[in-house]
Amino acid sequence: MNQLTKSLLSWVEIDGKALVANARALRAQTDSRVTFCSALKANAYGHGLILCAQILQREDATDWIAVNSLWEAEKLRAHGITLPLYIMGYIPLPELEGVFAHDVRIVVYNQETVIRLEEIGKRLGKIARVHLKVETGNHRQGVYEHDIPSWITLFNTCKHVVLEGLSTHFANIEDTHDHSYAQQQIQRFDGYFSIFREAGIPIPYLHSANSAATILFSKTHGTLVRAGVALYGLWPSDEVNHEVNQLRKDTIILAPVLSWRARIAQVRPIPKGSLIGYGCSYRAERDMTIAIIPVGYYDGFDRGLSNNGEVLIHGRRAKLCGRVCMNMIMVDVTDINDLHVEDEVTLIGRDGNDEITAGEMAEKIGTIHYEIVTRIREDIPRIEV
Ligand SMILES: *Cc1c(COP(=O)(O)O)cnc(C)c1O
């Protein structure tokens, strides 16, 4: 490891075993016939799209992979990923030929998309598989129940577009202990399925479950689950963690997959009374030693952590002093002995007996751990350990 990272300023370590164990733990929540789809959008929640896909494929730990956009699918195909791919975001009409070129399934909610796919499919002599996103209460992507007849008419006219799936997404499952809103969504989703069943249209894939639903409600599993955040060893929320591990007394073990590390660029004394960094926002109240860490807000280390965040060095906490810069932070290492240039620093993860979690960082700046990890700059190397 040390050899590999010696010349790097900053890198992300991916625990492949933990990723696979999390996938298996989630899969164990579902019936063995349920297709397990891993959400690898947003650079696999910051964990590295290609690396995570390769690990999951190599270890046979997922059936499908879901991403947001066509270019992510294109990248996966270019790196030898042969698993079924499902695209959850919007694809511009002029780009739809890529659906055939990269052999991907896509979610649809605009009839324009289906009409264009039919035209392209006819020209190429190929078939596109689509999943209709229906509105059950999230009011993000989706189509209303009263529009279903016109969708059925459209699908009946298509020879090159097949309706393969029906999907929806929960609005309020991990943010609360009150699951009545989610229950309503489950019921509405069942209603859509009945409409298609009564119209004699078979739909192989029915899916609504994200990580929280996969963990909490088996009746949401349908024939496919789409798990994201929990795959990376991050609980969807404290509420879900509490419900499972306290109330239900189950044991689902999720192990964090990602550690973010860097190296010290300088260690230097700071005389009492000095002002540190932009805006002179930190005043040294004693003679101090600080370390300069070559990571800043450009790298995804949030500026809200100015005078607020901490890092681990030699297993000890060092507080940020001054504002987070574009490419650097300064930390107080006065009480940490025997420091050298290029010693390892942990921004997220474990070092010795202490650990800084993405959740801890998120809390400090009033966001969620999803945002902390997805914002780690994409071209910082992701390395499997
Ligand atoms: C991101 C995403 C998921 C995964 O959600 P998690 O809460 O991270 O498990 C599932 N479905 C859709 C449509 C998504 O966009």
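Source: prediction; values computed, not measured.

Colleague: Looking at this model, I keep getting lost on the sheet that holds strand β11 (residues 266-270). Mind explaining?
Modeller: One key point about sheets: their strands pair by backbone hydrogen bonds, in either a parallel or an antiparallel sense. One open sheet holds the three strands; their spatial order is β11-β14-β17, and the pairing between them is antiparallel. Each having just a single partner strand, β11 and β17 (329-332) make up the two edges of the open sheet. Between one strand axis and the next, the sheet turns through 30° on average, direction left out of account. Strand direction decides the pairing type here: β11 and strand β14 (residues 288-293), joined by five bridges, are antiparallel. The residue bridging P269 from the neighbouring strand is T289, located in β14.

Colleague: I keep staring at the pattern of salt bridges and nothing clicks. Help me out?
Modeller: Any two side chains of opposite charge can pair, on the condition that their charged atoms come close. In the structure shown here, the tally under the stated rule is 24 salt bridges. Linking R58 and E59 is a salt bridge whose minimum nitrogen-to-oxygen distance equals 2.9 Å. On the accessibility criterion, E59 (31% relative accessible area) is partly exposed. Among the charged side chains, a salt-bridge network with shared partners connects E310, R317, K319, D354, E360 and K364.

Colleague: Explain the nonpolar core to me, please; I cannot follow it from the model alone.
Modeller: Most often, soluble globular proteins keep nonpolar side chains buried together rather than apart. Counting 124 residues, the largest nonpolar core has L40, I106, L132, W260, F301, I313 and V331 as its most contacted members. Sort the elements by how many residues they give to this core and helix α4 (residues 49-58) lands first, with seven residues. Of all hydrophobic cores here, the second largest spans nine residues; its members include I290, I292, C321 and M330.

Colleague: Can you walk me through the sheet that holds strand β9 (residues 224-227) in this structure?
Modeller: In spatial order, the strands read β8-β7-β6-β5-β4-β3-β2-β9; together these eight strands make up an open sheet with parallel pairing. Among the strands making up the open sheet, the edge pair consists of β8 (205-207) and β9. With strand direction ignored, the average angle separating the axes of adjacent strands in the sheet is 30°. The sheet contact formed by strand β5 (residues 104-108) and strand β6 (residues 128-133) spans three bridges and is parallel. Paired with V108 across the strands is L132, a residue of β6. The strands that helix α9 (residues 180-198) touches are β6, β7 (161-167) and β8; relative to β7, the one it contacts most, it runs at about 150°.

Colleague: Explain the site of the ligand here, please?
Modeller: The environment of the ligand is formed by K41, Y45, M88, K133, R140, H169, N210, S211, R226, A227, G228 and V229. Within the contact set of the ligand, an oxygen atom lies 2.5 Å away from a side-chain nitrogen or oxygen of K41. Between the ligand and V229, the relevant distance is 2.8 Å, taken from an oxygen atom to a main-chain nitrogen or oxygen of the residue. Its free accessible area being 390 Å², the ligand has 93% of it covered by the protein chains. Only α3 (41-45) and β9 provide two or more residues apiece to the shell around the ligand. In terms of residue class, the shell around the ligand is built from four nonpolar, four polar and four charged.

Colleague: What is the right way to look at the packing of helix α2 (residues 16-27) against α4 in this model?
Modeller: When two helices pack together, their arrangement is given by the angle between the helix axes and the distance between those axes. Taken N-terminus to C-terminus, the directions of α2 and α4 make an angle of 60°; their axes are 10 Å apart at the nearest point. On the basis of their axis angle, the class for α2 and α4 is oblique. Between α2 and α4 the crossing geometry is right-handed. Here α2 contributes G16, L19, V20 and A23 to the contact with α4, which in turn contributes C52, I55 and L56. Within the contact of α2 with α4, the residues separate by chemical class into six nonpolar, one polar and no charged.

Colleague: When you look at helix α5 (residues 70-78) in this model, what are you seeing that I'm missing?
Modeller: Each turn of an α-helix holds 3.6 residues, which means side chains three or four residues apart point in the same direction. All of the buried residues in α5 are L70, E72, A73 and L76. Along α5, the residues classed as buried sweep out an arc of 160° about the axis, all on the same side. Looking at the buried positions of α5, the neighbouring elements they touch are α3, α4, β3 (64-67), β4 (85-87), α6 (97-101) and β5. Just downstream of α5 lies G80, where phi reads positive at about 85°.

Colleague: Would you mind going over the side chain of R226 with me for this structure?
Modeller: Tracing the sequence through the fold places R226 in strand β9. Lacking a salt bridge, the buried R226 has E174 as its closest oppositely charged neighbour, with an N-O distance of 10 Å. There is a polar contact of 2.9 Å between the side chain of R226 and the side chain of H207. Engagement of the side chain of R226 in a polar contact is seen with the backbone oxygen of S208, the distance being 3.4 Å. Those residues within four positions of R226 in sequence are excluded, and the remaining contacts are C37, Y86, M88, S167, T168, H169, H207, S208, A209, N210 and S211.

Thresholds, definitions, all that
Residues numbered from 1 in each chain as written. Predicted model: local features only at pLDDT ≥ 70, side-chain atom pairs only at ≥ 80, totals over all residues. Heavy atoms only, no water. Pairing = 2+ DSSP bridges. Helix = DSSP H or I, 4+ residues; strand = E, 2+ residues; numbered from the N terminus. Axes fitted to C-alpha atoms, helices over the stretch in contact; angles between N-to-C directions. Salt bridge = Lys/Arg side-chain N within 4 Å of Asp/Glu carboxyl O. Buried < 20%, exposed > 50% of the residue type's maximum accessible area, 1.4 Å probe, protein only. Core = buried A, V, L, I, M, F, W, Y, C linked by side-chain atoms within 4.5 Å. Contact = heavy atoms within 4.5 Å. Near = heavy atom within 4 Å. Polar contact = N/O pair within 3.5 Å; in protein donor to acceptor, adjacent residues only side chain to side chain. Areas by Shrake-Rupley, 256 points an atom, 1.4 Å probe, with all protein chains shown as cover. Nonpolar A, V, L, I, M, F, W, Y, C, P; charged D, E, K, R; others polar. Parallel < 35°, antiparallel > 145°, perpendicular 65-115°, else oblique. Left-handed = near helix turned anticlockwise from the far one by under 90°. Arc of directions from axis to C-beta. Lys, Arg positive; Asp, Glu negative; His and termini not counted.

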